[in-house]
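Structure assessment
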Amino acid sequence: MTKQDTVVDLLLRQHQEINRLLTKVEKSTGKPRAEAFDRLRHLLAVHETAEEEIVHPYARRTINNGTRVTESILKEENQAKHTLAELEKLGTDSVEFTPVFMRFQKAVLAHAEHEEKQEFPELAAKSSPEQLKGMVAAVKAAEAIAPTHPHPGVESPTKNLALGPMAAVVDRTRDAIRKAMS
């Protein structure tokens with residue numbers, strides 16, 4: 001991280017990584033696809049949780065039409081969590097995985113564009129450099145304790161704080177067991 005990094009910089013880099021992983025899942029098969037999907041699922045889960053706990057509540061209070069913008073974004077995130085959970089259940093080797101994944105990929109890219117055009121520029125314009133830099137630490141802390149699997153219906157800061165820690169423990173335990181068994 002450089003001295004100039006802000007929360008917008010961090011989230012944009014994560015969007016780039018999400019895009020890279022989406023492409024890798026799309027173009028891969030077998031074990032490479034499963035591994036890329038696992039990394040994608042993990043990144044999306046922690047990224048969205050941190051946005052829901054830190055970024056969107058701040059944007060709701062700070063940007064023009066904050067409530068309207070964040071409600072739309074949260075609706076997209078809920079839909080993505082449902083589809084991500086469905087993809088996880090299907091498994092990357094399922095014949096049903098690819099068509100569902102292609103719709104998911106399109107929705108995730110549209111969602112990222114929505115944030116990048118409607119939320120992030122306003123955050124950058126309406127926040128001080130100190131606020132934008134301070135949110136980096138808050139986002140990283142939220143990601144460190146976030147669930148690693150999708151939990152549809154948990155898009156509010158209150159629900160994330162109430163249910164997130166328990167879900168995170170369960171998810172991270174499940175991840176460790178799965179890793180040990182593979």
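In this report, the structure presented in the accompanying data block is examined. In this text the structure is predicted, and so the values were computed from the model without any measurement.

**So, the overall build of the chain**
Each helix and strand in the chain was counted, giving six helices and zero strands. Taken from the N to the C terminus, the helices and strands of the chain come in the order α-α-α-α-α-α. Put simply, the chain has 182 residues, and 44% of those count as buried. The long-range share in the chain, meaning contacts at least 24 apart out of those at least 6 apart in sequence, stands at 76%. Here the chain has roughly 9600 Å² of accessible surface; of this, 59% comes from carbon and sulfur atoms.

**Here's the deal with the nonpolar core**
Formed by 18 residues in total, the largest nonpolar core has its most connected members in V7, V8, V55, L123 and V139. The greatest single-element share of this core, amounting to five residues, is contributed by helix α5 (residues 129-144). The next biggest cluster of nonpolar side chains, apart from the first, holds 16 residues, and it includes L22, A36, L87 and F104.

**Considerations on the packing of aromatic side chains**
Counted under the stated rule, the structure contains three aromatic pairs. Note on F37 and F97: the rings are 5.4 Å apart at their centroids and 85 degrees apart in plane angle, and the pair reads as edge-to-face. Here F37, found in helix α2 (residues 30-62), pairs with F97, found in helix α4 (residues 97-126); they are 60 residues apart in sequence, far enough to count as distant. Take F37: its relative accessible area is 6%, and that puts it in the buried class. F97 gets classed as buried once you look at its relative accessible area, which sits at 0%. A connected cluster of aromatic rings, assembled from ring pairs, spans F37, F97, F101 and F104.

**Some remarks on the pattern of salt bridges**
Enumeration over the complete set of coordinates arrives at eight salt bridges. Between K81 and E52 there is a salt bridge; the shortest N-O distance is 3.0 Å. With K81 in helix α3 (residues 66-90) and E52 in helix α2, the pair connects residues that are 29 residues apart, well separated along the chain. For E52, a relative accessible area of 1% corresponds to the buried category. E113 is the salt-bridge partner of K117, the closest N and O atoms lying 3.0 Å from each other. Of this pair, K117 and E113 are both found in helix α4, four residues apart, which corresponds to roughly one turn of the helix. For K117, a relative accessible area of 59% puts it in the exposed group. Judged by relative accessible area, E113 falls into the partly exposed class, the value being 41%. Taken together, the shared-partner salt bridges in this structure form one network comprising D38, R41 and E88.

Reading the values: rules and limits
- Residues numbered from 1 in each chain as written.
- Predicted model: local features only at pLDDT ≥ 70, side-chain atom pairs only at ≥ 80, totals over all residues.
- Heavy atoms only, no water.
- Helix = DSSP H or I, 4+ residues; strand = E, 2+ residues; numbered from the N terminus.
- Buried < 20%, exposed > 50% of the residue type's maximum accessible area, 1.4 Å probe, protein only.
- Contact = heavy atoms within 4.5 Å.
- Areas by Shrake-Rupley, 256 points an atom, 1.4 Å probe, with all protein chains shown as cover.
- Core = buried A, V, L, I, M, F, W, Y, C linked by side-chain atoms within 4.5 Å.
- Phe/Tyr/Trp six-rings, centres within 6.5 Å; stacked < 30°, edge-to-face > 60°.
- Salt bridge = Lys/Arg side-chain N within 4 Å of Asp/Glu carboxyl O.

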